[in-house]
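# Commentary on secondary and tertiary structure
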Amino acid sequence: MPETRQAFHDELTELETQALAGLDMVVTALERTMEALSQQDVELAAMVIADDDRIDGRYLEVHQGILSLLARQAPVATDLRLVAALLDVIKHVERMGDQCVNIAKTIPLTGHEPPIVPELLSTLLEMGRRVTQMIEQSKKAFAGRNVELAEDLVSRDEAVNRMHRECFRIALEAGEDVDTREWAMMMLGVGRALERMGDNAVDIGEQTAFIVTGLFREFTDASHPAGVS
Amino acid sequence: MTIPLTSSQRGTETEQAPDQKRRFEPSGKDQATGAGRRVSIKGLSAWYGDQYAVKELDLEFEPNKVTAIIGPSGCGKSTMVRCINRMHEEIPGTRVEGEVLLDDQDLYANEVDVTSVRRAVGMVFQKPNPFPTMSVYDNVASGPKLSGTKGKHLKERVEQSLRSAALWDEVKDRLDRPGIGLSGGQQQRLCIARTLAVEPEVVLMDEPCSALDPVATLRIEELIEELKTRYTIVIVTHNMQQAGRVADSTAFMLTGELVEVGPTETIFTKPTDDRTEQYVSGRFG
């Protein structure tokens, strides 16, 4: 049978493309953020902060597009689930952009030559690399409606969470020097931001599963972790 | 032939004359609070000449629920609904097989009186069709008059029906004016009042709003919501949003067959059958 509502489906596809391109913007922002962190590059950090306006702009654009589509086209079934999922995805894009800003803001505060604990910095940089990969994977899973790939994000997130806990251990053992301890405290904020971004990527994976199955379920339940009643 | 009525049969029927066919009397329910009756379609097939319109269809309509029938033009949804009050057979060359049960009574049983079926199962059509030469009052009164209601009772019945159709306040001062002088939406509510006046158990609506403007449409939809507390309602609609707004259950038909039936929310968020998905999301139709 001939395709009907072509204009509507083109519009929906375009909104998805825009929302997922928002994830590319986040990946760029995160890579720059981690580069700025490793090099103490205050200017690059400032660029990340300024560029967040573009991510916020993308959020507003997609959000407005979705409201308009809902009002005019009344999508149903898979289309409706996609629209609902896109609202979620674009929110995560905006949140992850803000996390990059949170990290970037700490960079000038640590001073020109901070008292770095190498093990803590390298752990954070490794977390950054892994979270970048998770965001890319969440995009790929969503675009391909690949539930298996989406569920795989859980184990990757667990690895990031372990590294986050490791950051605490290293910070606690940072020694007596006040400046070093202060730096380590700030880095715990960075670790926390990265850990949250990993969660955002998992949430996007959950939305992928929602589109495909029609049922929303959390891949892992933070309030009722397995084995704990 | 006399058909003995067993005690299990609902109704207020009394001894029948030997040549009388069995009639579907009101189930004795309180019209203000009573429940509608379940309609069960079993293995229903309908033809126009050699052409199938409905094919071995099974479907149930729950009492006091609104069920919407959706599907592309020519899918057999109107024919199926017209089989429920035995209107399909009025067209020359048509044929019906299968069962339509009102609770446990088969509407197609040989001994059944067709007129009483149409009283028990009322129908509202696409285009408002008030009797053109009759006043507002007579449009509603004509049905109950035929069954012998008169005087004060008739007046009360007319008022009650017009109130139930949410039209009373608009027409109470011009009951003697022609029915066709009302607006399109009012005419349709007049037709609903006319249907309710004979105290049906089931109300069928075949595209009742397709000739109405959006405001008149919403008024009819509000009315449907109210009527379902007393009747079983089946509505055929091309308007998917309307099905979403008014129906508890939605059934999707294609080429004379039932593809899927389920809670309206499920049909419009996660239908089971791919053809339903394609249709409700407008990918064909």
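Presented here is an overview of the structure given in this document. The structure presented is a predicted model; accordingly, all values stated were derived computationally and were not measured. (Residues numbered from 1 in each chain as written. Chains lettered and ligands numbered in written order. Predicted model: local features only at pLDDT ≥ 70, side-chain atom pairs only at ≥ 80, totals over all residues.)

Attention now moves to helix H3 (residues 77-109) of chain A. With 33 residues, H3 of chain A extends 50 Å from end C-alpha to end C-alpha; this agrees with the ideal 48 Å at 1.5 Å per step. Positive backbone phi, at 90°, marks Gly 111 of chain A, one or two positions downstream of H3 of chain A. (Helix = DSSP H or I, 4+ residues; strand = E, 2+ residues; numbered from the N terminus. Expected span 1.5 Å × (residues − 1).)

Taking 1.5 Å as the rise per residue, helix H4 (residues 118-144) of chain A with 27 residues should run 39 Å; its terminal C-alpha atoms sit 39 Å apart, in good agreement. Where H4 of chain A ends, the next residue or the one after it, Arg 145 of chain A, has phi of about 50°, a positive value.

Residues and elements named next belong to chain A. A positive phi angle, close to 40°, is found at Ala 74, a residue other than glycine. The residue Ala 74 is located in the loop between helix H2 (42-73) and H3 in this model. The backbone of Ala 77 shows a phi angle near 50°, a positive value even though the residue is not glycine. Along the polypeptide, Ala 77 turns up in helix H3.

All names here are of chain B. Taken in spatial order, the four strands line up as E2-E1-E4-E5 in an open sheet, and their pairing is antiparallel. Edge positions in the sheet fall to strand E2 (51-61) and strand E5 (105-106), since each has one partner strand and no second. Note that strand E4 (residues 94-102) and E5 share two bridges and pair antiparallel. If you follow Leu 101 over to E5, its bridge partner there is Asp 106. (Pairing = 2+ DSSP bridges.)

Listed per partner, the contact involves 12 residues of chain A and 13 residues of chain B. Partitioning the side of chain A that touches chain B into residue classes produces five nonpolar, three polar and four charged. (Contact = placed C-beta atoms within 7 Å. Nonpolar A, V, L, I, M, F, W, Y, C, P; charged D, E, K, R; others polar.)

So, on to the environment of Asp 50 of chain B. Looking at where Asp 50 of chain B falls in the secondary structure, it is placed in the loop between strand E1 (39-48) and E2. Here the alpha-carbon distance between Asp 50 of chain B and Val 234 of chain B, two residues 184 residues apart in the chain, equals 27 Å.

Right, let's talk about the sheet that holds strand E10 (residues 257-263) of chain B for a bit. All names here are of chain B. Taken together, six strands build an open sheet; the order of strands is E6-E7-E8-E3-E9-E10 and the sheet is mixed. Two strands bound the open sheet, and with one partner strand each, they are strand E6 (121-124) and E10. Averaged over all neighbouring strand pairs, the angle between strand axes comes to 20°, with direction disregarded. Bridge analysis of E6 against strand E7 (residues 202-206) gives four bridges, and the strand direction is parallel. When the bridges of E7 are listed, Val 124 appears paired with Met 205. (Axes fitted to C-alpha atoms, helices over the stretch in contact; angles between N-to-C directions.)

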